[in-house]
Amino acid sequence: NDVAGSYDWYGGTLKCSAKQLSSTPMSSPSLFERRQRKSIYWYNKSSDLVGSAAALWTCRDAELSSRIVTETGLGDSFSLGIATPPVYKMLCGMAIELVLKAIVVEGGGVVNTKGHDLLRHWRSTSLPLAPAEEPLLRVLSHAVVWAGRYPTPKKNEDMDAYQEVVDEALYDRVPLAAGSSACILRPNHALNWEGFSALWRRASDHYWHLRSQHEPI
């Protein structure tokens, strides 16, 4: 059965053939149409991505990482701590993108499938966003588009832009000494599990608030 709606998964009753359904004006929406129009599908996919990001975040633990590497035969020199952070950010970005799109669909809107600008998607909702959080969404946008999938973007300037926003969002500038103008960059862990999940849960809570107004839970 279709978990998100009241239609039969196959798009009609067992008494109707596919040919009859296609020629009947009142035939049920296709599976594609239902998944486009039902916000819960978008939300559930976002939730799946959150779970996957959680798995990657958890395997950073040295003991667990070692066990995974051994059991899967990745090789003694393989490091999950090195391999997974870019993919973790990609999954985080995808999860936020999908929950924002769930909000749009729940509000009766049409999903914008062009691009992965998370800041633009966030602004299409009524969710609050602190100025310091905007660079985090830009980092995650880069992760979805290329940084979680490829060694380089299509253009050199995109690589430069990514490095700039990473330095802005994920590092604090700390003076070398009191009164010194020289600084070092210190990781601020803004996109650790707590930081990411706080962003996602804000959007998730907003989604369920909208849904409760349309379909009391």
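Residues numbered from 1 in each chain as written. Predicted model: local features only at pLDDT ≥ 70, side-chain atom pairs only at ≥ 80, totals over all residues. Heavy atoms only, no water.

Time to look at the layout of surface pockets. What the largest pocket holds in volume is close to 370 Å³. The biggest single contributor to the lining of the largest pocket is helix α6 (residues 85–106), with three residues. Partitioning the lining of the largest pocket into residue classes produces 10 nonpolar, four polar and two charged. As a volume, the second largest pocket reaches approximately 230 Å³. Every residue along the wall of the second largest pocket is listed here: L31, F32, R35, Q36, Y41, W42, N44, K45, D48, E97, L98 and K101. Going through the elements one at a time, α2 (31–37), α3 (39–58) and α6 are the ones with two or more residues in the lining of the second largest pocket. Per-element tally for the lining of the second largest pocket: the top contributor is α3, with five residues. Tallied by class, the residues present in the lining of the second largest pocket amount to five nonpolar, two polar and five charged. (1 Å grid on protein atoms, 1.4 Å probe; cavity = no way out; pocket = protein on both sides within 12 Å on 5 of 7 lines; lining within 4 Å. Points joined across faces, edges and corners; volume = space filled by probe spheres on them. Helix = DSSP H or I, 4+ residues; strand = E, 2+ residues; numbered from the N terminus. Nonpolar A, V, L, I, M, F, W, Y, C, P; charged D, E, K, R; others polar.)

A surface patch of negative charge is lined by E157, D158, D160 and E164. What makes E157 partly exposed here is its relative accessible area of 49%. (Patch = residues over 30% accessible without salt bridge, like charges linked within 9 Å, V, L, I, M, F, W, Y side chains within 5 Å. Areas by Shrake-Rupley, 256 points an atom, 1.4 Å probe, with all protein chains shown as cover. Salt bridge = Lys/Arg side-chain N within 4 Å of Asp/Glu carboxyl O. Lys, Arg positive; Asp, Glu negative; His and termini not counted. Charge placed at Lys NZ, Arg CZ, Asp CG, Glu CD. Buried < 20%, exposed > 50% of the residue type's maximum accessible area, 1.4 Å probe, protein only.)

Another aspect to go through is the confidence of the model for the chain. Any residue range with low pLDDT should be treated as having predicted coordinates unsuitable for detailed reading. Averaged over all residues, the pLDDT of the chain equals 86, while 87% of them reach at least 70. Ranking the elements of the chain by mean pLDDT puts helix α1 (residues 18–23) last, at 40, and helix α8 (residues 134–147) first, at 98. In the predicted structure, residues 1–24 sits below a pLDDT of 50 and forms 25 contacts with residues beyond four places in sequence or in another chain. (pLDDT = per-residue confidence, 0-100. Contact = heavy atoms within 4.5 Å.)

The next point concerns the packing of aromatic side chains. Applying the stated rule across the entire model yields seven aromatic pairs. When the ring of W57 is compared with that of Y88, the centres are 5.2 Å apart and the planes differ by 35 degrees; the resulting orientation is tilted. A residue pair is termed long-range when its members are at least 10 positions apart, and W57 in helix α3 and Y88 in helix α6 qualify at 31 residues. Look at W57 and you get partly exposed, because its relative accessible area is 23%. Taken together, the aromatic side chains of Y43, W200, Y207 and W208 make up a single cluster linked through ring pairs. The side chain of R60 reaches across the aromatic face of W57, ending 3.9 Å from its centre. (Phe/Tyr/Trp six-rings, centres within 6.5 Å; stacked < 30°, edge-to-face > 60°. Lys NZ or Arg CZ within 6 Å of the ring centre and 35° of its normal.)

With that out of the way, let us pick up helix α10 (residues 193–214). In this model α10 runs 31 Å from its N-terminal to its C-terminal C-alpha over 22 residues, within 8% of the 32 Å that 1.5 Å per residue would give. Looking only at α10, the buried set comprises F196, S197, L199, W200, A203, S204, H206, Y207, L210 and R211. Its buried side turned inward, α10 meets α3, α6, α7 (118–123) and α8. (Expected span 1.5 Å × (residues − 1).)

We now examine the side chain of E106. Within the element layout of this structure, E106 appears in helix α6. In this structure E106 comes out as buried when scored by relative accessible area, which is 11%. Look past the residues within four positions of E106 in its chain and what remains in contact with it is S39, Y207, L210, R211 and H214.

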